[in-house]
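Examination of the molecular architecture
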Amino acid sequence: MKVKFFVSFLTIILAISRFSAQEKVETTYLRPSITTFYVSPSSSSAKNVVSNLTANNSLEARFDKHTVGFDNLTLDYPAKNKKVYFPAPPKKPDSTATTRERKKYKLAYAAYASEKVELTKMQKAYKEAEEKRGELLKERLIMVNNYIQSTSKPVVARWFSRDSLGNMNIHLWEERAHYSANDEHVNQSLNSSVSRISTLGEDLMKKSYIVVYDLGDIESYEDIYNEKDRAKKIKEKYLNIEFKPVKREKEGFRVSYIRYIYKLNFDENVSNVFYEKYWLDESVTTNREEIKNHWETASFPLIKQHVYSGLIEQSQPGFEEYWAGVKTSKKRRSKEDLLNSLGNNNLNGSLSALKKVIEDFQLKTSVFKAYPITAKIGSKEGIKLNHRWFIYEIHLDDEGHQIMKRTGWARATSIGDNKGIATGKSPTSIFRQAGGKEAYSGMLMQPKPGGAASFNFGYGLVSSDQSTAGFIFDMDFRIGNLAKGDFGRGLYIGLATTSNFFRNINTGEIKTIEPIEWDIYDSIPQLDSVSLDTIGYTPDTASYSINANLFDETDSTGAATTANGNSSVVYLSFGREFLLGNRGKYFIHPKFGIGIATYKFNIGDANHLYATMDSLQVDFPAKDLSSLYTYRTSVRVFSLSMGVHLTPMFSLILKGSIVNRAQFSAVYNSNNVINTPNTGASSSWGIDKLKGNTTFPIFAALRINF
Amino acid sequence: MNILNKYISISLLVSLCISPMLLSAQAKRKANKDTQAWRYEIEGVSQGSQGTYLIKVWSYSKKPKVAIEQSKKNAVHGIIFRGYEGNKKGVQNQRPLTRNSNLEQEKEAFFKDFFATGGKYMKFVSLTNDGAVAAGDRIKVGKEYKIGLIVSVRKDALRKDLEQAGIIKGLNSGF
């Protein structure tokens, strides 16, 4: 049953990850244009915020800025009503309370009950006021919507460069179309008697987006904390506790906003009406006034795409303790400075993150040629080096629906500088495939960032020394994403671990080279110096030492000594992935690392270590036994992984390592630990090579990429 | 025993040498087989430049490379025998160069040479966009691929050539 469930679950996950069904897959990317408007309160501070936001408004390379001369809307929010808070009732005295305390409680409760009656009346009035405010907010929302609808006309006017006389032209269409056109468009135009480039302008116009930010009132953190204090003060009024103001975590200002994104609907019907009723150019000599009048009442439909609520702020820590501890290089900004810089944000800076909800924002291209994989996309669209792209093949199912099926993935290794007008021979960007099936011209490509972190889970297959084998867990982080050069591209930094458990392995005789010293008071904490004096010990030196065997060759029964415990190797690794073949399905990944190797024995198996002081037996301190029976050394590891990419997320690897360990020492006192030769120490666990050794474990692992 | 080993070695060597040729020949046979069925669709893309048609030809094959190779041949075949329908983007209906539905059978020998691999048809067709397939024009349908390529067919030159060869009649021949 569990297996069935697991198989079904895995099938669903794989299906979701590999396929995405659509009626018809949109395969072309046309640059969307963005026009931004603001709705803000009438205060001068709010105007300043809008001014800052406008100045900082910058779009990603994949978008065109469509600026129009249309005023932002000034619209106040209805004033907020003062919230009514209720105090908590006084705490009822318990059975041990005195008569005076009971009397005090009764008085307090009477005052509380009386105030509650008043507050209930106030709350009723507050609720009524809130209802009225709710109505005003609805009216305000209608006004905002009306404003948004009105923005479509100036956007259309700008597309046709409408002047004060009402004349229009398609110069901007052509300009944008020439910039947006790719080689495919250009080559078609070269073989056509009709300019395909100009007709592209209409398609671009259909990708017009209007972004409206509706800003709220500016709030100061001081007011926010004061309001919290007021609520707290009222709540604690009858609790007979000292009032403590809430911690001023921040000081500064904030303003909330709602972002609306609409798309201009300039479909065939709208287009026909536009040319019939509103088009005017210098060649039109009749009915000009009538057409201009039509334009005055014109409106163009918008389709809502996305609504988002956010917050912008300018703040700094607001509690004095913070500023008392900071270095002089960091200055505390004045409130005026914080207020004046409120809005220094680029709210439009990450619109591409909406690509999942707004398909037009999704970059896409096709494989131009393979191999190497090239695509007609580049700096004009703002693509980034080393970013991962998925390669898809479009399938047609039995019902005629198109299905995108991922067939591979690749990373951009060279960005073509295609800024400028396409010529038909524009530079291409180059991609290195990192897995999947063979790529062909015409396959769809879309960016899918990921694969920056990898985790390996596996187990040792072969090793002459089990202490360097066992379970492996590696974390690798792709730092090559930041690299520009070829070599740096596949670099990883990571942390690699192996761990294993041993049961009843022969230890042979193991001892430290130097005597083991310890503090006598740790051994006999119940004795103080006076009682030690009584047995004739002068605690001039607080330490005591023995030349101890950590393990004897045989135990008390005469059998070979055995022990339980675990071993581990942990190291910091640096490596590089090399993809093999065109498809990059297979790879090798050499790594070098330095770290620590450890044996940790269960202290239940430890020798009874003690020394005698006159008649007294001085045991080695129990609390330090664990560190005395933990041996550690430095380790150098070189590993070579060979692997196969199954999916972008999963790879299988076979990892061979050379593990070189130095002389082991006890963690307790860093004394070297040595074996006595020929006393039966287990060689399969490397116990007989505490002076250092080199082993060659081989692991199999599953790599998960995120 | 030594003689046997020698024969085996020679056979292996010969097999290795001729296997690429055999594979290539197999691919060509496959392409020709697909062509003989003349399974393709054509649609007008835009008004072609002087004396040309700019069309998209959809070819079918189990191997995408074969479909791409056959696109040029299919495009010329389509212009001669099928014509294509117009669209809303200003592309007009185009009738085929011949109205004789039996012409292909009647002039079988001519067209066999004409459409042979590397045949004369190559003179009248060229790929746009470096022969690259646009995203969305490479679709897997069942076990085969449907590949769309935009090609420019020199229809005036093609007509003239066929007229001169006596395969089709001139436009003014009826008057």
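Residues numbered from 1 in each chain as written. Chains lettered and ligands numbered in written order. Predicted model: local features only at pLDDT ≥ 70, side-chain atom pairs only at ≥ 80, totals over all residues. Heavy atoms only, no water.

**Describing the overall build of chain A**
Basically, it comes down to this: Here a strand is any run of E in DSSP of at least two residues, a helix any run of H or I of at least four, and the numbering for each starts at the N terminus. Classification of residues uses two cut-offs on accessible area relative to the type maximum, computed with a 1.4 Å probe and protein chains only: under 20% is buried, over 50% is exposed, and between them is partly exposed. In this description, contact between two residues means that some pair of their heavy atoms is separated by no more than 4.5 Å. Areas reported here follow the Shrake-Rupley algorithm with a probe of radius 1.4 Å; residue values treat only the protein chains shown as occluding.
If you tally the helices and strands in chain A, you get 15 helices and 31 strands. Taking all 706 residues of chain A together, the buried fraction comes to 45%. Excluding contacts between residues fewer than 6 apart, the proportion of contacts in chain A whose partners are at least 24 apart in sequence is 77%. Accessible area for chain A stands at about 36200 Å²; split by element, carbon and sulfur atoms hold 55% of it.

**Description of the sheet that holds strand S17 (residues 510–512) of chain A**
All names here are of chain A. Defined as follows: Any two strands with at least two DSSP bridges between them are considered paired. Angles shown run from 0 to 180 degrees and are taken between the N-to-C directions of axes, each axis being a line fitted to C-alpha atoms and, for helices, limited to the stretch in contact.
Strand order in this open sheet of 3 strands is S20-S17-S29, and the pairing throughout is antiparallel. Among the strands making up the open sheet, the edge pair consists of strand S20 (549–551) and strand S29 (673–675). The sheet shows a mean angle of 35 degrees between the axes of neighbouring strands, taken without regard to direction. Pairing of S17 with S20, which is carried by 2 bridges, proceeds in the antiparallel orientation. Bridge assignment links Ile-510 to a residue of S20, and that residue is Phe-551.

**Quick notes on the interface of chain A and chain B**
Often, the extent of an interface is quoted as the loss of accessible area on bringing the components together. Our working definition: In short, buried area is how much 1.4 Å probe accessible area vanishes from two parts on joining, totalled over both. Salt bridges are identified by distance alone: a Lys or Arg side-chain nitrogen within 4 Å of an Asp or Glu carboxyl oxygen. N or O atoms closer than or at 3.5 Å make up a polar contact, with two conditions inside protein: a donor-capable atom paired with an acceptor-capable one, and, for residues adjacent in sequence, both atoms drawn from side chains. Residues were grouped as follows: Ala, Val, Leu, Ile, Met, Phe, Trp, Tyr, Cys and Pro as nonpolar; Asp, Glu, Lys and Arg as charged; and all remaining residues, including Gly, as polar.
Opposite the 26 residues of chain A that make contact, chain B presents 25 residues. Buried area between chain A and chain B, both sides added, is near 2200 Å², and the carbon and sulfur share of it is 52%. Along the contact surface separating chain A from chain B lie 1 salt bridge. Salt-bridge contacts for Glu-393 of chain A lead to Arg-138 of chain B; the nearest nitrogen and oxygen are separated by 2.5 Å. Here chain A is connected to chain B by 12 residue pairs in polar contact (both at pLDDT 80 or more). Elements represented by at least two residues in the side of chain A that touches chain B include exactly helix H6 (183–190), strand S8 (365–369) and strand S10 (388–396) of chain A. Counting residues per element, the side of chain A that touches chain B draws most heavily on S8 of chain A, which supplies 5 residues. The class makeup of the residues in the side of chain A that touches chain B is 8 nonpolar, 12 polar and 6 charged.

**Comments concerning the pattern of salt bridges**
Residues and elements named next belong to chain A. All chains considered together, the criterion is met by 35 salt bridges over all chains. Taking the shortest distance from any N to any O, the salt bridge between Lys-237 and Glu-115 comes out at 2.8 Å. Of this pair, Lys-237 sits in the loop between helix H8 (221–235) and strand S6 (250–264) while Glu-115 sits in helix H3 (residues 99–150), placing them 122 residues apart in sequence. Overall, Glu-115 belongs to the buried group, its relative accessible area being 18%. Between Asp-229 and Arg-248 there is a salt bridge whose closest N-O contact spans 2.7 Å. Taken as a pair, Asp-229 in helix H8 and Arg-248 in the loop between H8 and S6 lie far apart in primary sequence, 19 residues in all. Judged by relative accessible area, which is 22%, Arg-248 ranks as partly exposed. Counted as one network, the salt bridges with shared partners bring together Asp-474, Asp-476, Lys-591 and Lys-655.

**Looking at the nonpolar core**
Residue and element names in this part refer to chain A. Our working definition: In these notes, a set of buried Ala, Val, Leu, Ile, Met, Phe, Trp, Tyr and Cys residues joined through side-chain atoms within 4.5 Å is what counts as a nonpolar core.
Core analysis: the biggest nonpolar cluster contains 38 residues, and Val-156, Phe-160, Phe-266, Phe-274, Trp-295 and Phe-300 have the highest contact counts within it. Mapped onto this core, the elements with two or more residues apiece are strand S2 (33–40), H3, helix H4 (152–159), helix H5 (171–180), helix H7 (196–205), strand S5 (208–220), S6 and helix H9 (268–278). Residues contacting Phe-274, with those up to four places away along its chain left out, are Val-156, Phe-160, Met-168, Phe-266, Trp-279, Trp-295 and Phe-300. Grouped together as the second largest cluster of nonpolar side chains are 36 residues, Leu-550, Tyr-599, Phe-601 and Leu-609 included.

**A short note on the pairing of strand S12 (residues 429–436) of chain A**
On any regular strand, side chains alternate: one points to one face of the sheet, the next to the other face. Residue and element names in this part refer to chain A. For S12, the tally of buried residues reaches 6 of 8 residues, placing the bulk of the element in the interior. As paired strands, strand S9 (residues 373–375) and S12 are joined by 3 bridges and run antiparallel to one another. Following the sheet pairing, Ala-375 is matched in S12 by Ser-429. Pairing geometry for strand S11 (residues 402–414) and S12, over 6 bridges, is antiparallel. Considered in S12, the bridge of Gly-408 is made with Gly-436.

**Overview of the packing of aromatic side chains**
Which entries qualify depends on this criterion: The pairing test for Phe, Tyr and Trp rings, Trp by its six-membered ring, is centres within 6.5 Å, and the orientation test on the planes gives stacked under 30 degrees, edge-to-face over 60, and tilted for anything in between. Here, a charge over a ring is recorded when the distance from Lys NZ or Arg CZ to the ring centre is within 6 Å and its angle to the ring normal is within 35 degrees.
For the coordinates displayed, the defined rule picks out 55 aromatic pairs over all chains. Consider the rings of Phe-110 of chain B and Phe-111 of chain B, whose centres lie 5.1 Å apart with planes at 85 degrees: the pair is edge-to-face. With a relative accessible area of 4%, Phe-111 of chain B lands in the buried category. Aromatic pair Phe-115 of chain B and Tyr-121 of chain B: ring centres 6.0 Å apart, planes at 35 degrees, arrangement tilted. For Phe-115 of chain B, a relative accessible area of 7% corresponds to the buried category. In this structure an aromatic cluster arises from ring pairing among Phe-160, Trp-173, Phe-266, Phe-274, Tyr-275, Tyr-278, Trp-279, Trp-295 and Phe-300 of chain A. The ring centre of Tyr-179 of chain A lies 4.6 Å from the NZ or CZ of Lys-380 of chain A, which sits over that ring. The lysine or arginine in question, Lys-146 of chain B, covers the ring of Trp-58 of chain B, its NZ or CZ lying 4.8 Å from the ring centre.

**Considerations on a nonpolar patch on the surface**
Residue and element names in this part refer to chain A. The line we're drawing: Note on patches: the residues involved have over 30% relative accessible area and no salt bridge, like charges join within 9 Å, and the nonpolar side chains Val, Leu, Ile, Met, Phe, Trp and Tyr join within 5 Å.
A cluster of nonpolar residues, Leu-461, Val-462, Phe-592, Ile-594, Phe-638, Leu-640, Met-642, Leu-654, Ile-658, Phe-696 and Ile-698, forms a patch on the protein surface that exposes about 990 Å² of accessible area. Those elements that provide at least two residues to the nonpolar patch are strand S14 (453–462), strand S23 (586–601), strand S26 (630–645) and strand S27 (650–661). Per element, the largest residue contribution to the nonpolar patch is 3 residues, and it comes from S26.

**A look at the environment of Ser-670 of chain A**
One can find Ser-670 of chain A in the loop between strand S28 (665–666) and S29. For the pair formed by Ser-670 of chain A and Tyr-631 of chain A, sequence separation is 39 residues and the distance between their alpha carbons is 8.7 Å.

**As for helix H5 (residues 155–164) of chain B**
All names here are of chain B. Test applied: The arc in question is the one traced by the directions running from the helix axis out to the C-beta atoms.
Looking at H5, one finds that the buried residues are Leu-158, Arg-159, Asp-161 and Leu-162. All buried residues of H5 project into a common sector of 165 degrees when viewed along the axis, lining one side. In the core, the buried residues of H5 are packed alongside helix H2 (64–81), helix H4 (108–114) and strand S5 (144–153). Gly-166 sits one or two residues past H5 and shows a positive phi near 75 degrees.

**Topic: unusual backbone geometry**
Residues and elements named next belong to chain A. The omega torsion of the bond from Ala-370 to Tyr-371 falls at -5 degrees, within 30 degrees of zero and hence cis. On the secondary structure map, Tyr-371 appears in the loop between S8 and S9. Located in the positive-phi region is Asn-504, a residue other than glycine, with phi close to 50 degrees. Turning to its location among the elements, Asn-504 is positioned in strand S16 (residues 491–506). A relative accessible area of 55% places Asn-504 in the exposed class.

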